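The lines below spell out each chain.
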Amino acid sequence: MTTDQILLFSLFGAVLAMLLWGRVRHDLVAAGGLLIGVAIGVVPEEAAFSGFASPAVVIVALVLVASRAFENSGALGVIAPVAAAEGRSIWTHIAIIGGIGAALSAVINNVAALAMLMPLDVQAARRAGRPPGLTLMPLAFATILGGMVTLIGTPPNIIASSLRERHLGEAYGMFDFTPVGAAVALAGIAFVALAGWRLVPRREDRTARIDPASFRAELVVPEGSKLIERVFAELDEEAEAADVILVGLVRDGRAKRKRLRRTAIQCGDVLVVEGSADAIAAFVKATDLEIAGNEPENVEDKVADAREAAGAKDAAGEAEEDAGHEGPEIVEAVVLGTSPLVGRSAAGYGLRRRHSMTLLGISRSGTVSRTGVGERPIAAGDELLLTGRGAGSAATRDRLGLVAVNRFGIAPFDPRKAALAVGIFALAIGAASSGMLSFAVAIAMAVAAYAALALVPAREFYTIIEWPIIVMLACLLPLGIAFEEVGGTALIAGAIVDLTEGAPPVVALVAIMVVTLTLSDVLNNVATIVITGPIAIDVAERFGVNPDTFLMGAAIAASCAFLTPIGHKNNTLIMGPGAFRFSDYWRMGLPLELVVLAVSVPMLLLVWPL
């Protein structure tokens, strides 16, 4: 081995070790590795930031923005009656909602597809009286499988396409992944629907442990409210209809105790109510009240804190924050690993003051905390119960790394917006598939049209894009190229060829896929394909067979992270709502990966013959 090879192998080993350790953010690890590579001379200085100009990086970012256009169009309102209809058997429900999730994942980001469907699946499980985890894990796996069907369905496919262009002179088309990807997705969904869900640990639904009237909310009477001048006792009918309990009234920072039932309501009064999350949401809608954006230890402090926060917040920023938000919401949200809340408490971060968002509870592995939640450190995968103006803002949730899994009051279906979102995207895909435009340019034009038509507000662009993923990808690409140029890829490929000497090439194909599957369960799928994609091409060339067979196999395997909650973000998202533990995923994930291998290898040999 040369000095450069030793240095790059050592650097890659350190980067992989740090990624596996998981204590440092992936983007920081990748950026640090790139800068060290430049410092020691194994990455040319002029190529250090070439990854940021890569079409693959641009496409990954733009697809995230396009996904938001679909969400903002209210298309979920059309999907909801089909995806969450009552009275179905569990396997039928999984097959339908999993099929919808896979179809969505083929054209939008698979994390966005899961985020759209999770609230429906959780609500359907609660109505059916079954633990949400039984259907959440099959749904998450189905959305991962659906991403393999098209070029833009998942980042590994985009990276594989760029690798093909660099090594073989031509990128993959939009639907080159479809024959093999669709077959694997259909087989995988059939497995999770018919047998896989039976392997999921059946744990008591966390909602069964919560007193349905244990949530307390303070509702402000706004100017012009129809409740003004009505007597407090007259609200009993609305409270009973919504199934909430009227606890008290606060005026000028003081709780009203004397003659409360006969008190006439005034603008600015705060009504204190108790009930379940959906009951409080129903009461708010029926009475045109507003949910206060704070939750101190007592009501008097809360009102004072609310006024201080309202006065401190810039008026223009507040208008921007609330633009497009139709009313208060109570939201259950999962904390992503990239959230600035991780490791900090709501009080320490200033969640109420900075974002007009109240933390009502924290659920971790099925155990719900209702007291002292403001001081409890928040962890990735926690499920938070939130209320307030900020909780209802998608832009605010995105900035805080929160994904809603249950919302009371979703965006109404707008046929015009939905038609525009789908039509523009279809035109972009058509232009790219026909060769009129590159995929990067076509999708960029679609995103520009979404902005011009206000399908995606301009202020959301930078919060939608997952910058840690973009930075990690842009930093790993130059490292991967340097690894190839010094012969590191050739060394590993040679070792695989030597190990499979005398065996048919299909044995080497399976070996590449097994290695990639293993890595994808512990590494980010982008990092996995950056490492294994060039090796797959090199091994194929050494055997003198079709490189597409091996590269496609590596792309499929890189997308199939089913054994751990850290292999794919969708696995992390369901950990809290499903009350899963780290060791739960392999129970269904391991046989599913065997199904993937059993179906994908024959399909690869059929569609991309050696």
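Note that the structure is predicted; figures quoted are calculated from it, not measured. Every chain's residues receive numbers from 1 upward, in the order its sequence appears when written. Confidence filtering applies because this is a predicted model: local features only for residues at pLDDT of at least 70, side-chain atom pairs given and counted only at 80 or more, and all residues used for totals across whole chains, interfaces and linings. Only hydrogens and water are removed before side-chain values are computed, so all heavy atoms of the structure are retained for them.

Comments concerning the overall build of the protein chain
Next up, step 1: A helix here means a DSSP run of H or I that spans at least four residues, while a strand means a run of E at least two residues long, and both kinds are numbered starting from the N terminus. Within the protein chain one finds 26 helices and 10 strands.
Next up, step 2: In the protein chain, which comprises 610 residues, the share counted as buried stands at 55%.
Next up, step 3: The contact definition used throughout considers only heavy atoms, calling two residues in contact when any of these lie within 4.5 Å. Contacts spanning at least 24 positions in sequence make up 79% of the contacts within the protein chain whose residues lie at least 6 apart.
Next up, step 4: Of the accessible surface of the protein chain, which amounts to about 24,200 Å², a share of 60% is contributed by carbon and sulfur atoms. Burial classification: accessible surface area is computed with a 1.4 Å probe over protein chains only, and a residue below 20% of its type maximum counts as buried, one above 50% as exposed, and the rest as partly exposed. For every accessible area listed, the method is Shrake-Rupley and the probe measures 1.4 Å; residues are considered covered only by the protein chains on display.

Quick word on the pairing of strand 2 (residues 245-251)
Next up, step 1: Most of strand 2 is tucked away, with five of its seven residues classed as buried.
Next up, step 2: Two elements, strand 2 and strand 4 (residues 270-275), share five bridges in a ladder whose sense is antiparallel. Each residue of the ladder has a partner; that of V250, found in strand 4, is V270.
Next up, step 3: Two strands are counted as paired when DSSP detects at least two bridges linking them. Note that strand 2 and strand 3 (residues 254-256) share three bridges and pair antiparallel. Looking at the pairing, V250 lines up with A255 of strand 3.
Next up, step 4: The hairpin formed by strand 2 and strand 3 contains two residues between the paired strands, and D252 there has a positive phi angle of roughly 55 degrees.

Let's talk about the packing of aromatic side chains
Next up, step 1: Stacked, edge-to-face and tilted labels apply to pairs of Phe, Tyr and Trp rings (six-membered ring for Trp) whose centres lie within 6.5 Å, assigned for plane angles under 30 degrees, over 60, and everything in between, in that order. Scanning the model with the defined rule gives seven aromatic pairs in all.
Next up, step 2: Judged by centre distance (5.2 Å) and plane angle (70 degrees), the ring pair of Y172 and F177 falls under edge-to-face. Each member of the pair, Y172 as well as F177, carries the same accessibility label: buried.
Next up, step 3: Relative to W608, the ring of Y172 has its centre 6.0 Å away and its plane inclined at 70 degrees; by these criteria the two rings are edge-to-face.

Overview of the packing of helix 5 (residues 90-107) against helix 6 (residues 110-128)
When two helices pack together, their arrangement is given by the angle between their axes and by how far apart the axes lie.
Next up, step 1: For the pair helix 5 and helix 6, the least separation of the axes is 8 Å and the interaxial angle reads 160 degrees. On the basis of their axis angle, the class for helix 5 and helix 6 is roughly antiparallel. The handedness of the crossing between helix 5 and helix 6 is right-handed. In contact with H93, I97, I100, G101, L104 and S105 of helix 5, helix 6 contributes N110, A113, L117, D121 and A124.
Next up, step 2: Amino acid classes used here: Ala, Val, Leu, Ile, Met, Phe, Trp, Tyr, Cys and Pro are nonpolar; Asp, Glu, Lys and Arg are charged; the rest, including Gly, are polar. Split into classes, the residues belonging to the contact of helix 5 with helix 6 amount to six nonpolar, four polar and one charged. Interaxial angle, 0 to 180 degrees, is taken between N-to-C directions of lines fitted to C-alpha atoms, where a helix line uses only the stretch in contact. Orientation categories follow fixed angle ranges, with anything under 35 degrees roughly parallel, anything over 145 roughly antiparallel, 65 to 115 roughly perpendicular, and all other angles oblique. The handedness criterion is simple: a crossing whose near helix is rotated anticlockwise from the far helix by less than a right angle is left-handed, and one whose near helix is rotated clockwise is right-handed.

A short note on the pattern of salt bridges
Next up, step 1: Salt bridges are defined by distance alone: a side-chain nitrogen of Lys or Arg within 4 Å of a carboxyl oxygen of Asp or Glu. Here the structure, examined in full by the defined rule, presents seven salt bridges.
Next up, step 2: Ionic pairing is found between R230 and E238, a salt bridge with its closest N-O pair at 2.8 Å.

Regarding a nonpolar patch on the surface
Next up, step 1: Distance thresholds for patches are 9 Å for like charges and 5 Å for nonpolar side chains (Val, Leu, Ile, Met, Phe, Trp, Tyr), applied to residues having over 30% relative accessible area and no salt bridge. Where nonpolar side chains cluster on the molecular surface, the patch consists of M1, I6 and L491 and spans about 310 Å² of accessible area.
Next up, step 2: Here M1 is to be found in the segment before helix 1 (3-21).
Next up, step 3: Overall, the relative accessible area of 64% leaves M1 in the exposed class.

Some thoughts on the environment of T263
Next up, step 1: Relative to the helices and strands, T263 is located in the loop between strand 3 and strand 4.
Next up, step 2: Considered as a pair, T263 and E229 are 34 residues apart in the sequence and their alpha carbons are 8.8 Å apart.
Next up, step 3: In contact with T263, other than residues within four places in its own chain, are R230, V231, F232, R251, K256 and K258.
Next up, step 4: Throughout this description, a polar contact denotes any pair of N or O atoms lying within 3.5 Å of each other; where both atoms belong to protein, one of them has to be capable of donating a hydrogen while the other can accept it, and for residues adjacent in sequence the pair is counted only when both atoms sit in side chains. Here R259 takes part through its backbone oxygen, which lies 2.9 Å from a polar atom of the side chain of T263.

Quick look at the side chain of Q5
Next up, step 1: Relative to the helices and strands, Q5 is located in helix 1.
Next up, step 2: Sequence-distant contacts of Q5, defined by excluding residues within four places in its chain, comprise V486, G487 and L491.

Some points on the nonpolar core
Next up, step 1: To form a nonpolar core, buried Ala, Val, Leu, Ile, Met, Phe, Trp, Tyr and Cys residues must be joined to one another through side-chain atoms within 4.5 Å. Counting 143 residues, the largest nonpolar core has I152, Y450, V539, F550 and I574 as its most contacted members.
Next up, step 2: Top contributing element to this core by residue count: helix 3 (residues 55-72), with 12 residues.
Next up, step 3: The residues touching V539, leaving out its near neighbours within four places in the chain, are A493, I496, V497, A508, I512 and F550.
Next up, step 4: Ranked by size, the runner-up nonpolar core spans 20 residues in total, among them L246, L249, L271 and V273.

A look at helix 23 (residues 525-543)
Next up, step 1: The length a helix should cover is 1.5 Å for every residue beyond the first. With 19 residues, helix 23 ought to run about 27 Å at 1.5 Å a step, and its terminal C-alpha atoms sit 26 Å apart, in line with that.
Next up, step 2: In the structure, helix 23 departs most strongly from a straight axis at T532, where the bend amounts to approximately 30 degrees and where the proline P534 lies between one and four residues downstream.
Next up, step 3: Across the 19 residues that make up helix 23, a large majority, 16, are buried. Given a residue, its bend is the angle between the two axes fitted to the seven residues that end at it and to the seven that start from it.

Quick word on helix 21 (residues 488-499)
Next up, step 1: Given a rise of 1.5 Å per residue, 12 residues ought to cover 16 Å, and the 17 Å separating the end C-alpha atoms of helix 21 matches this to within 8%.
Next up, step 2: Buried residues of helix 21: G488, T489, A493, G494, I496 and V497, and no others.

As for unusual backbone geometry
Next up, step 1: A positive phi angle is found at E229, which is not glycine, with a value near 75 degrees.
Next up, step 2: By secondary structure assignment, the location of E229 is in the loop between strand 1 (215-220) and helix 10 (236-242).
Next up, step 3: You can call E229 exposed: its relative accessible area is 58%.
Next up, step 4: Within the chain, A454 stands out as a residue other than glycine whose phi angle is a positive 65 degrees.
Next up, step 5: Topologically, A454 is positioned in the loop between helix 18 (439-452) and helix 19 (461-464).

Observations regarding the confidence of the model for the protein chain
Next up, step 1: A residue's pLDDT is the confidence the predictor assigns to it, expressed on a 0 to 100 scale. For the protein chain, per-residue confidence averages 80 on the pLDDT scale, and 85% of positions sit at 70 or higher.
Next up, step 2: Predicted confidence in the protein chain is weakest over helix 13 (residues 315-322), with a mean pLDDT of 36, and strongest over helix 9 (residues 178-194), with 96.
Next up, step 3: With pLDDT under 50 throughout, residues 206-213 is counted as low confidence; its partners more than four residues away or in other chains account for 17 contacts.
Next up, step 4: Long-range and interchain partners of residues 293-328, a stretch whose pLDDT sits below 50, account for 55 contacts in this model, where long-range means more than four residues apart.

With respect to the packing of helix 6 against helix 7 (residues 133-146)
Next up, step 1: With their axes 10 Å apart at the nearest point, helix 6 and helix 7 run at an angle of 160 degrees to one another. Classified by the interaxial angle, the pair formed by helix 6 and helix 7 is roughly antiparallel. For the crossing formed where helix 6 meets helix 7, the hand is right-handed. Here N110, A113, L114, L117, M118, D121, V122 and A125 of helix 6 lie close against helix 7, whose contacting residues are T135, L136, L139, A140, T143 and I144.
Next up, step 2: Considering only residue class, the contact of helix 6 with helix 7 consists of 10 nonpolar, three polar and one charged.

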